[in-house]
There are 6 protein chains.
Amino acid sequence: MEQRAVDEIILNALREDIGAGDITTESCVPPYKTASARFVAKESGVICGLWAAARVFELVGDMPNAIMAFNDATEGAEVEAGTVIAGVSGGARAILKGERVALNLLQRMSGIATATAKAVHAVNGGSCRVTDTRKTTPGLRVLEKYAVRAGGGVSHRFGLYDGVLIKDNHIAASGGIANAVESARRAAPHTLKIEVEASTLDEVRQALGARADVIMLDNMSVEQMREAVALVNGRALIEASGNMGERDLAEVAAAGVDLISVGALTHTVRSLDISLKFDAADV
Amino acid sequence: MEQRAVDEIILNALREDIGAGDITTESCVPPYKTASARFVAKESGVICGLWAAARVFELVGDMPNAIMAFNDATEGAEVEAGTVIAGVSGGARAILKGERVALNLLQRMSGIATATAKAVHAVNGGSCRVTDTRKTTPGLRVLEKYAVRAGGGVSHRFGLYDGVLIKDNHIAASGGIANAVESARRAAPHTLKIEVEASTLDEVRQALGARADVIMLDNMSVEQMREAVALVNGRALIEASGNMGERDLAEVAAAGVDLISVGALTHTVRSLDISLKFDAADV
Amino acid sequence: MEQRAVDEIILNALREDIGAGDITTESCVPPYKTASARFVAKESGVICGLWAAARVFELVGDMPNAIMAFNDATEGAEVEAGTVIAGVSGGARAILKGERVALNLLQRMSGIATATAKAVHAVNGGSCRVTDTRKTTPGLRVLEKYAVRAGGGVSHRFGLYDGVLIKDNHIAASGGIANAVESARRAAPHTLKIEVEASTLDEVRQALGARADVIMLDNMSVEQMREAVALVNGRALIEASGNMGERDLAEVAAAGVDLISVGALTHTVRSLDISLKFDAADV
Amino acid sequence: MEQRAVDEIILNALREDIGAGDITTESCVPPYKTASARFVAKESGVICGLWAAARVFELVGDMPNAIMAFNDATEGAEVEAGTVIAGVSGGARAILKGERVALNLLQRMSGIATATAKAVHAVNGGSCRVTDTRKTTPGLRVLEKYAVRAGGGVSHRFGLYDGVLIKDNHIAASGGIANAVESARRAAPHTLKIEVEASTLDEVRQALGARADVIMLDNMSVEQMREAVALVNGRALIEASGNMGERDLAEVAAAGVDLISVGALTHTVRSLDISLKFDAADV
Amino acid sequence: MEQRAVDEIILNALREDIGAGDITTESCVPPYKTASARFVAKESGVICGLWAAARVFELVGDMPNAIMAFNDATEGAEVEAGTVIAGVSGGARAILKGERVALNLLQRMSGIATATAKAVHAVNGGSCRVTDTRKTTPGLRVLEKYAVRAGGGVSHRFGLYDGVLIKDNHIAASGGIANAVESARRAAPHTLKIEVEASTLDEVRQALGARADVIMLDNMSVEQMREAVALVNGRALIEASGNMGERDLAEVAAAGVDLISVGALTHTVRSLDISLKFDAADV
Amino acid sequence: MEQRAVDEIILNALREDIGAGDITTESCVPPYKTASARFVAKESGVICGLWAAARVFELVGDMPNAIMAFNDATEGAEVEAGTVIAGVSGGARAILKGERVALNLLQRMSGIATATAKAVHAVNGGSCRVTDTRKTTPGLRVLEKYAVRAGGGVSHRFGLYDGVLIKDNHIAASGGIANAVESARRAAPHTLKIEVEASTLDEVRQALGARADVIMLDNMSVEQMREAVALVNGRALIEASGNMGERDLAEVAAAGVDLISVGALTHTVRSLDISLKFDAADV
């Protein structure tokens, strides 16, 4: 993940929140006052985004600056409620101005990592992997896909430009799966695999016939998935998809698919409850 | 809400998703092919963001363009599962390229509006209003606060720059509530009210003594709220706050507060399930 | 005020002035030559914007850099003609390239601060405060409102988004003052006061009846203002407005208003005469 | 002047003023209400910037839009107090949101054009021309130099990149006028003239000896200027400079110089008083 | 290719060339004068970029606008010297201001397309394809890769983010080819193939053993390539690479490789000679 | 040349190449691994752009950073094949991510400098200078004109805004050379010379009659140039232009012209072959 892309997200969030200034803080807190505070997990979960939260305080641009210290090992780790996960100290104004943006990022990313870890745990071992989708929050995809990886998932294509995924409408427009795969293979860079969405076993057969590299089973029953796995027999990767947030992932994995893509990891986010506690002596 | 701010969100999301191009669509779908499709609610809820979704298709910049048609009356309305809420027609490539961004916006905004409507309904009449917080998704605050209004809520301050909210750290740094309110009143534009956070009845008394315009009751029990309301007796607005997403809002409202601010409206978003169905004859 | 917003103004000004390069300096001054120079007030006035001028030399991006040193206490202070207010030393090219932008900012901001100090002095004590308007130079509002504060004034709302000010056209569109105030109170965040413009005593009465928080007396005679003050009797803040740059501010203040807003502070700016003198031995 | 550069200035100004929205207007004025209004000069002066004001209403981005109509012939013309100089009609919200930015631009540009026209008039015919300087408002140079031309002046170099102007510090760094001119002639594009600043007749002689194309007489008395003109005798253009805003321009011109550059045209701006009057029947 | 990405390139080029204005044209050509002109190929070659040139005139932002008309079929076609490939008519100022940027784009893209067509022709049929590299002009990759496709080539990965290409340094850092391929397969999205660079037949063997999807033969002799092809025997795609601009492409293709990547297509560009001729009667 | 303009080019190129991340490097190379490498010229030529290549590694934004060390004296110097021109050391990921962008810039700029040095050498002394044109790569003009200077050439005007060059279409629109020169002299800043394009001796005469400062001889034979030089006789600068990349520059210079402008310096670029060799022990 590129630092500059993340910086743009953070600067945008700071501009959105602070605008022409933090009137309350600038009225009540003298410019050279310092403070220290700790980020505390108020519930158990996987921590993700500490470096992004730390970057908020570097970019908030108030003098004196605030410095956030955290243990690299905590990033991506599961912690218990009550755990102190990081500390920040420096200018009191900087801490107060950056607090909300830092928490909004950290809580959201930790929420996604926590949900992913649960899904990965549900899959319960084996070679089946949990992957994300493009159902991410507009503008935050780079962070949300990172959070999925922090929770133990793997990334699907980032966008429309770095992967080929032939869906029903592409198939209809091309005149069938064979034509669509052929068109994509001719036009796409040779570095990309060709993935085809199939809703029926017959479509799985056609995709195999067209030598698709990956076949996505869309909204199939576990029974159908098992048949598809048998049919494919290792000749292509198999991805299970479609409301997987509400399915029994262990059962889906047991059907033998290689990947399960779960849109709910990012389209339905529950922030992890994390708070910033100021040290009493300071502010 | 300004069109240009929303355009920047949409253009950013399109850039994020499409990057150097939609390889699959450009391979499989001829440039002049047209299509039509309908947005269908797959569960009941309050629809929000139709104009933003429509704007996606204007900005996707593919020729021929796609046009999205929707009924103004549907924006902010509650619909049943199965309702067709809008239609889009035009260039098949444009529809396919814009589909995911349009859905990501529409589903998220409708999810927030739906959650807000539930909270407003829970408050169950009277003059008590439901308001949002700054716990929004970085970069999307303008849309998320709009969605809260679409669901029947009202907006709290947009950021740190357009409202004064004196919290414990400001109070500590100023040497007490009276000093903090005095500092803010002197420094802030005279067009802003002064709001003070209070966790105890004694702090409520101090805020009243300092002639705060608004008092936020932070994490109080309903019993404490009732006492605070009696104490204030109309001399300031009263806002109830603190994990309100998990409280009985009817009971809180019955305590006589003027506003209830609910962070969960935006920090824990469940997208409303809406899909885009292509008309079979077309693509 | 946010450092980044100011940085954008300065970078924009440097781009505007330097473009593809300072041909004269790059021809005549060797890259490693150093120099020192002093900013000297050529007339008496209130100094404002030293940190912004200093930031110009940090951002001009020439090696070796120039460093500007100034005394924090000078910012906002009144100085006599001939006073050395700051010194800059370092790369001669950097000083020459940044000179004009630094002076343009410093002279303009000091001019506004000086004019504001004169207005504040004219008001001559008491609780009446001098405030600014939205009649600022496009793109420089953040600096100009800061300069007003440096001169002893207070800020009015920053823009249309952080204050409610109901004027004649809003009243006409709403069907009267009562309706307009009611509409605004319902739609605006509860953190904002409601200000109403009144040109007659009858309108003052209506605004009071609608429980406006602030009443702006527009272009009233001093006599009318006195009557309005008596009428309001402390139930709302009173702001005097309308060509105040040409009025006797002491007299207006004596009428008992709380604030006087003066558009001329920013719409008619006379730069304070400040020059940059190079030390002879250097360049 | 490029439309896009002006658009950026206007969009920036609109963002600055409107931010997250015009709360008052959105509360009080229904979205489909229309209105009409007229721009009226409240004092006599040269009108400048009508097309920029018109562009504000195109860019304000509110539906229904407002359209500003003006007579091309009015741009740059001198009008009497009371003259209606343009009309705007369309969406009431759009007019109210754009009003302040449009006026801020129009009043400032007209103020500069009016001051320039006075200076040109003072020069009183002959071939001597009035020109501007780089003492412009940061970010607005393109508009302010245009306003000078609208008032009958001519533009000096736009910035440091499109003209060579050798000043005392460049001369000192190069080891004399001859060296400095030689360095510049070697390094600068052959399309640029070489201008040299001279404070004494001896420096004028040296500049002539180095075959400077233009000689700037800096802060000279009229008597010295006359001698310089005689000395140069047509072998270079002569520009008079230095606090020309406070000099008798007719006298300076009569000394025989080719150009007079007046910093005060842009560093000390007095906005022309122009107001926007709504038609009573409408809003 | 996305219109907006191309628009940014064009706007940037226009800003670079026109800056504060086209002084010559604005001095000499009246604003409402119209003109027409024709783009003529002065040598034979493959035309590419007509739509980009046309977009220049849409974006140049001068009134009255110029409109460029071209035959869609000409894009990507080979034309003879003297062929009129497009016509432009409208505002004379707009044509003159946009002329250079339009030609710079059109000539460069046509030069790349022409060079690619020669390489494709040299390969002389069969299934071997010509592909590009990342040796493109900074900022213009999207256009240059498009020009390669217009000349009959195919695109390699767009950047570092949409393809896996394991080179010697990656191999060294991972401790061998097997480890590197394993690491990449675990970390990269499942939609991407794994390509490995090999300089010896032994490395080809290792890559095959690690089940690489694509093997790049780096700077091999044709004899080595033949052996590699035999060794691989269809189990991976084979790309020949390394100074291919100076190799006999027919011979390389005959060795049986699937792709030949040619850096010279974009790192050594010879613009195709195309001129814009004004119709005499007009300007 | 301004650092910030170059930074924007580099950041844009890095964004273009790295996008959401360097998948291969992030998979195969551990984050804290360090490496060192050397830039080696693989053919003789003039080196240009070392500082820009060095800046790439500063901006690539990976921790630990890479530092590029080079000898200032090498910039603009001619080196033999095999010369080590710079070294880079630090984070292996940073080096690998920045490698391609650094090479693309360095090779292209060195190619232009090398071609310019050849042209300057061909002119073979005397006062005749080699200059560039506006036929540069869109977006890279600042770097390409710098490379021409590094190779011993001089810069022509940067764009349309900093020089007056009256061509046939301007002449036609103005009604003759005299009118065009007169219009330009009246409207352009007095700091700019007036250059006129002439294709015949008669046009040279007219330009002289209008007192043009520079006359461009367009596509003339050497014989015609000699006559033009005689005709002008030192009263204006003379620039020879028109396919000069294919002409005998010594002969053209011998005709007595002051400048020769060569479009091929930038419109037909052959990158100098430079490679980055990693030190074996490291990566």
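1. Some points on the interface of chain A and chain B
Phase 1: The partner chain B presents 62 residues to the 62 residues of chain A that form the contact.
Phase 2: Summing both sides of the interface, chain A and chain B together bury roughly 5000 Å²; the carbon and sulfur share of this comes to 56%.
Phase 3: The largest share of the area that chain A buries against chain B comes from Glu16, Pro138 and Leu160 of chain A, three residues that together contribute 14% of it.
Phase 4: We note a salt bridge from Asp17 of chain B to Arg141 of chain A, for which the minimum N-O separation is 2.5 Å.
Phase 5: Our count for the chain A to chain B interface comes out at 31 residue pairs in polar contact (both at pLDDT 80 or more).
Phase 6: Here the residues of the side of chain A that touches chain B sort into 29 nonpolar, 20 polar and 13 charged.
Phase 7: Where strand 12 (residues 268-270) of chain A and strand 12 (residues 268-270) of chain B come together, 3 bridges link them in antiparallel fashion. Pairing of Thr268 of chain A across the sheet is with Arg270 of chain B, part of strand 12 of chain B.

2. As for the relation of the copies chain A and chain F
Phase 1: With an RMSD of 0.0 Å, the fit of chain A onto chain F corresponds to turning through 120° and sliding 0.0 Å along the axis. On this basis, the relationship between the two copies can be described by a three-fold rotation axis. When C-alpha positions in chain A are compared against the rotation axis, the closest is assigned to Glu8 of chain A, at 8.5 Å.

3. Regarding unusual backbone geometry
Phase 1: For Asn233 of chain B, which is not glycine, the phi torsion reads 55° and is therefore positive.
Phase 2: Despite not being glycine, Arg211 of chain C has its phi angle at roughly 60°, a positive value.
Phase 3: Inspection of the secondary structure assignment puts Arg211 of chain C in the loop between helix 8 (201-209) and strand 9 (214-218).

4. Let's talk about helix 8 (residues 201-209) of chain B
Residues and elements named next belong to chain B.
Phase 1: Every buried residue belonging to helix 8 is among Leu201, Val204, Ala207 and Leu208, and all of these are buried. Burial along helix 8 is one-sided: seen end-on, the buried residues are contained in an arc of 115°.
Phase 2: Structurally, helix 8 contributes buried residues whose contacts are with helix 7 (177-187), strand 8 (194-198), strand 9 (214-218) and helix 9 (222-232).
Phase 3: Note on helix 8: the residue one or two positions beyond its end, Arg211, has a positive phi of about 60°.

5. Let's talk about the sheet that holds strand 8 (residues 194-198) of chain E
What holds strands together in a sheet is hydrogen bonding between their backbones, with the strands either parallel or antiparallel.
All names here are of chain E.
Phase 1: Taking strand neighbours across the sheet as the criterion, the 6 strands line up as 6-11-10-9-8-7 in an open arrangement whose pairing is parallel. Both outer strands of the open sheet, strand 6 (129-131) and strand 7 (164-166), are each paired with one neighbouring strand and no more. Each neighbouring strand pair of the sheet contributes to a mean axis angle of 25°, computed without reference to strand direction.
Phase 2: Sheet topology places strand 9 (residues 214-218) next to strand 10 (residues 237-241); 5 bridges connect them, and they run parallel. Bridge pairing in strand 10 places Asp218 opposite Ser241.
Phase 3: In the packing of helix 9 (residues 222-232) onto the sheet, contacts are made with strand 9 and strand 10, and the angle to strand 10 comes to roughly 165°.

6. Re the domain arrangement of chain A
Residue and element names in this part refer to chain A.
Phase 1: For chain A, the assigned domains read domain 1 (3-119 + 270-282) and domain 2 (120-267).
Phase 2: One C-alpha centre belongs to domain 1, the other to domain 2, and the line joining them spans 35 Å.
Phase 3: The partner domain 2 presents 21 residues to the 18 residues of domain 1 that form the contact.
Phase 4: Where domain 1 abuts domain 2, roughly 1400 Å² becomes buried across the two surfaces, and 72% of that area is made up of carbon and sulfur atoms.

7. Some thoughts on helix 1 (residues 3-18) of chain C
Phase 1: Helix length check: helix 1 of chain C (16 residues) gives 22 Å between terminal C-alpha atoms against 22 Å at 1.5 Å per residue, within 8%.
Phase 2: Of the residues making up helix 1 of chain C, those classed as buried are Val6, Asp7, Ile9, Ile10, Ala13, Leu14, Glu16, Asp17 and Ile18 of chain C.
Phase 3: Packing partners of the buried residues in helix 1 of chain C comprise helix 3 (50-59), helix 4 (92-123) and helix 5 (141-150) of chain C together with helix 5 (141-150) of chain D.

8. Overview of the environment of Glu80 of chain C
Residue and element names in this part refer to chain C.
Phase 1: Among the secondary structure elements, Glu80 is positioned in the loop between strand 4 (78-79) and strand 5 (84-91).
Phase 2: When the C-alpha atoms of Glu80 and Lys42 are compared, they prove to be 8.2 Å apart, with 38 residues separating the residues in sequence.
Phase 3: With sequence-adjacent residues up to four places away left out, Glu80 is seen in contact with Ala41, Glu43 and Ser44.

9. Section: the sheet that holds strand 9 (residues 214-218) of chain A
Residue and element names in this part refer to chain A.
Phase 1: Here we have 6 strands laid out as an open sheet, ordered 6-11-10-9-8-7, and parallel in their pairing. Looking along the sheet, the strands with just one partner apiece sit at the ends: strand 6 (129-131) and strand 7 (164-166). Each strand axis lies, on average, 25° off the axis of its neighbour in the sheet, ignoring direction.
Phase 2: Sheet topology note: the strand 10 (residues 237-241)/strand 11 (residues 259-261) ladder contains 2 bridges and is parallel. Along strand 11, the bridge assignment pairs Glu239 with Leu259.

10. Points about the environment of Ser271 of chain D
Phase 1: Looking at where Ser271 of chain D falls in the secondary structure, it is placed in the loop between strand 12 (268-270) and strand 13 (274-278).
Phase 2: Overall, the relative accessible area of 8% leaves Ser271 of chain D in the buried class.
Phase 3: Ser271 of chain D sits 236 residues away from Ala35 of chain D along the chain, and the two C-alpha atoms are 26 Å apart.
Phase 4: Those residues in contact with Ser271 of chain D, other than ones at most four positions away along the chain, are His267 and Thr268 of chain C together with Glu43, Gln107, Arg108 and Gly111 of chain D.
Phase 5: In terms of polar contacts, Ser271 of chain D uses its side chain to reach the backbone carbonyl oxygen of His267 of chain C, at 2.7 Å.

11. So, the relation of the copies chain A and chain B
Phase 1: For the pair chain A and chain B, the superposition axis carries a translation of 0.0 Å, the fit reaches an RMSD of 0.0 Å, and the rotation angle comes to 180°. Look at the turn and shift together and you get a two-fold axis relating the two. Looking at the rotation axis and the C-alpha trace of chain A, the residue lying nearest is Val269 of chain A, at 2.8 Å.
Phase 2: Looking at chain A, 100% of its interface residues are interface residues in chain B too, so the copies touch through the same face.

12. Section: the interface of chain A and chain F
Phase 1: Contacts between the two partners involve 8 residues from chain A, matched on the other side by 13 residues from chain F.
Phase 2: For the pair chain A and chain F, the summed buried area comes to about 630 Å², and 38% of that belongs to carbon and sulfur atoms.
Phase 3: Linking chain A to chain F there are 0 salt bridges.
Phase 4: Grouping the amino acids of the side of chain A that touches chain F by side-chain chemistry returns 3 nonpolar, 1 polar and 4 charged.

13. Let's talk about the packing of helix 3 (residues 50-59) of chain A against helix 4 (residues 92-123) of chain A
In a packed pair of helices, the relevant descriptors are the angle between the two axes and the axis-to-axis distance.
All names here are of chain A.
Phase 1: Relative orientation of the contacting elements helix 3 and helix 4 amounts to 160°, with a least axis distance of 8 Å. Taken together, the axes of helix 3 and helix 4 lie roughly antiparallel to each other. Helix 4 is crossed by helix 3, and the crossing has right-handed handedness. Where helix 3 approaches helix 4, its residues Leu50, Trp51, Ala52, Ala53, Val56 and Phe57 are matched on the opposing element by Ala94, Ile95, Gly98, Glu99, Val101, Ala102, Leu105, Leu106 and Met109.
Phase 2: Of the residues in the contact of helix 3 with helix 4, the class split is 13 nonpolar, 1 polar and 1 charged.

Thresholds, definitions, all that
- Residues numbered from 1 in each chain as written.
- Chains lettered and ligands numbered in written order.
- Predicted model: local features only at pLDDT ≥ 70, side-chain atom pairs only at ≥ 80, totals over all residues.
- Heavy atoms only, no water.
- Contact = heavy atoms within 4.5 Å.
- Buried area = accessible area lost by both parts, 1.4 Å probe.
- Salt bridge = Lys/Arg side-chain N within 4 Å of Asp/Glu carboxyl O.
- Polar contact = N/O pair within 3.5 Å; in protein donor to acceptor, adjacent residues only side chain to side chain.
- Nonpolar A, V, L, I, M, F, W, Y, C, P; charged D, E, K, R; others polar.
- Pairing = 2+ DSSP bridges.
- Helix = DSSP H or I, 4+ residues; strand = E, 2+ residues; numbered from the N terminus.
- Least-squares fit on C-alpha atoms with pLDDT ≥ 70 in both.
- Buried < 20%, exposed > 50% of the residue type's maximum accessible area, 1.4 Å probe, protein only.
- Arc of directions from axis to C-beta.
- Axes fitted to C-alpha atoms, helices over the stretch in contact; angles between N-to-C directions.
- Domains from an automatic or database assignment.
- Expected span 1.5 Å × (residues − 1).
- Parallel < 35°, antiparallel > 145°, perpendicular 65-115°, else oblique.
- Left-handed = near helix turned anticlockwise from the far one by under 90°.

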